[in-house]
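# Descriptive analysis of the structure
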Amino acid sequence: MKRAVIVICDSLRTDLITPSDSPFLTELGQRSARFASHAGVFPSTTRTSAASIATGCLPARHGLLGNTMALDEGDGLVCLSVGRPDFRDRLHRATGRTLHAPTMAERLDGAGETAIAFSNVSPGAAYFLDPDGYGWVYNAAGSYGPGRRPLPAEDGLAIAKGEAGDTVATERFCEEVLRRRAPALALLWLSEPDYTGHHTPLGSPAHRRAIASADANVRRVAETVAALDPAGERILFLVGSDHGMETVDQTIDLDTRLVEAGLKRAATSSDVVVAPNGTAALLYFADPKGALVGEVARFLETQDWVGRAFVGSELAEIGLPTDSAVQIALTLKPDDRVNPHGVPGHSHIVRDSLEPKECTGFGQHGGLGSNEQRPFLLASGSSFVPGVYRHRSSLVDIAPTVLQHLGVGMAGMDGRPLPRHPA
Ligand SMILES: [Zn+2]
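The following paragraphs examine the structure supplied in this document. It should be emphasised that the depicted structure is a prediction, and the values quoted were computed from it without experimental measurement.

### With respect to the packing of helix α1 (residues 23–30) against helix α9 (residues 205–228)
With their axes 7 Å apart at the nearest point, α1 and α9 run at an angle of 50 degrees to one another. By the criterion of interaxial angle, the relationship of α1 to α9 is oblique. For the pair α1 and α9, contact is made by Pro23, Phe24, Leu25 and Leu28 and by Asp215, Val218, Arg219 and Ala222, respectively. Residue classes in the contact of α1 with α9 are distributed as 6 nonpolar, no polar and 2 charged.

### Comments concerning the pattern of salt bridges
Applying the stated criterion to the full structure yields 18 salt bridges. We note a salt bridge from Arg13 to Asp15, for which the minimum N-O separation is 2.8 Å. You can call Arg13 buried: its relative accessible area is 1%. With a shortest N-O distance of 3.3 Å, Lys357 and Glu355 are connected by a salt bridge. The exposed category is assigned to Lys357, whose relative accessible area is 52%.

### Regarding the side chain of Thr331
Looking at where Thr331 falls in the secondary structure, it is placed in strand β15 (residues 326–332). Filtering out sequence-adjacent residues up to four positions away, Thr331 remains in contact with Phe42, Thr279, Ala280, Val306, Gly307, Arg308, Gly367 and Leu368.

Here is what the cut-offs are and how they apply
- Residues numbered from 1 in each chain as written.
- Predicted model: local features only at pLDDT ≥ 70, side-chain atom pairs only at ≥ 80, totals over all residues.
- Heavy atoms only, no water.
- Axes fitted to C-alpha atoms, helices over the stretch in contact; angles between N-to-C directions.
- Helix = DSSP H or I, 4+ residues; strand = E, 2+ residues; numbered from the N terminus.
- Parallel < 35°, antiparallel > 145°, perpendicular 65-115°, else oblique.
- Contact = heavy atoms within 4.5 Å.
- Nonpolar A, V, L, I, M, F, W, Y, C, P; charged D, E, K, R; others polar.
- Salt bridge = Lys/Arg side-chain N within 4 Å of Asp/Glu carboxyl O.
- Buried < 20%, exposed > 50% of the residue type's maximum accessible area, 1.4 Å probe, protein only.

In structure tokens:
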């Protein structure tokens with residue numbers, strides 16, 4: 001039986017894969033198809049990326065528009081964290097559905113096959129891999145079997161983010177999921193180096209240790225895959241990241257700036273709602289066709305902390321819907337300066353009132369910066385010819401590649417199966 005195994009090293013940008021910090025990924029890259037022009041999605045946040053990996057669709061089609069989203073639960077638009085364990089249920093109650101596109105788990109279930117995911121990141125990022133419960137999803141906040149049946153605590157994944165939890169998850173993933181349960185699709189989502197990157201400088205000793213821990217966990221999985229399929233004929237093995245990171249420069253309080261400019265009634269008002277997404281933000285409007293959209297857009301044009309604003313029909317250029325309450329998306333100003341550890345790329349970020357914390361000098365992502373948009377992707381097995389692939393690829397190409405390998409239909413996706421030969 002054919003199988004697919006995916007490992008995601010959250011936030012590992014491709015230029016930080018080095019022989020000293022990630023010897024295994026370096027070596028694996030030399031005997032894999034290495035996709036050198038691989039891009040993330042927008043916003044380049046974990047939860048949106050998880051939905052795009054799971055569905056093969058851009059946010060315009062799957063509908064999960066960021067790490068935060070504004071929902072109207074009856075009292076007007078309010079910004080909520082998508083990461084919280086209850087967001088999936090609140091989204092379903094407010095809109096009647098979760099993702100607008102089927103996940104790999106749903107398509108596999110329709111073909112009589114099973115998907116199992118172990119995720120050591122936020123509950124939201126875990127649950128949106130399979131929000132309607134076709135397969136199995138394990139996360140520290142609660143684990144579910146088919147039908148979203150809660151698993152007893154002793155069967156769950158009681159781990160913390162960081163190296164120790166990632167390693168416990170990896171060892172159990174290898175032994176229980178890959179060797180014993182052997183599902184058609186097994187996915188492991190590691191918290192490192194994202195977890196450490198958010199509270200240390202990129203390239204610092206702590207951040208480099210976090211990269212090394214992800215490298216060691218990928219090695220554990222790769223060795224298990226090699227033991228199960230020495231010829232590399234049955235198991236498609238994909239290793240990658242969801243996005244990279246930039247170094248945080250200034251933090252912009254966008255709510256306050258809009259209030260001070262007379263464009264928003266109050267910090268918590270629903271006329272225009274800021275959904276902060278790290279180095280980007282999405283603006284939701286109570287009246288998406290109203291004059292306020294243009295007034296806010298003209299204000300943003302005058303602000304030197306804005307990188308680029310996408311308004312109305314321009315949202316389609318970055319894979320966002322044009323017919324929702326979101327009418328403006330903006331990236332914050334990037335620059336190429338190198339941080340004290342020699343890592344290039346800075347960006348301003350938008351203050352997140354749901355998680356207010358000081359993070360100047362640490363890693364962040366969400367926008368279209370050249371480093372946060374540099375995830376990596378290595379493919380081996382399934383007749384992938386090793387080499388450097390220059391084709392443009394993206395997170396949405398993962399699902400069609402997996403389904404093609406497993407012989408399951410992939411209609412209605414934005415992505416396409418990855419090529420098997422380098423060009
Ligand atoms: Zn991430």
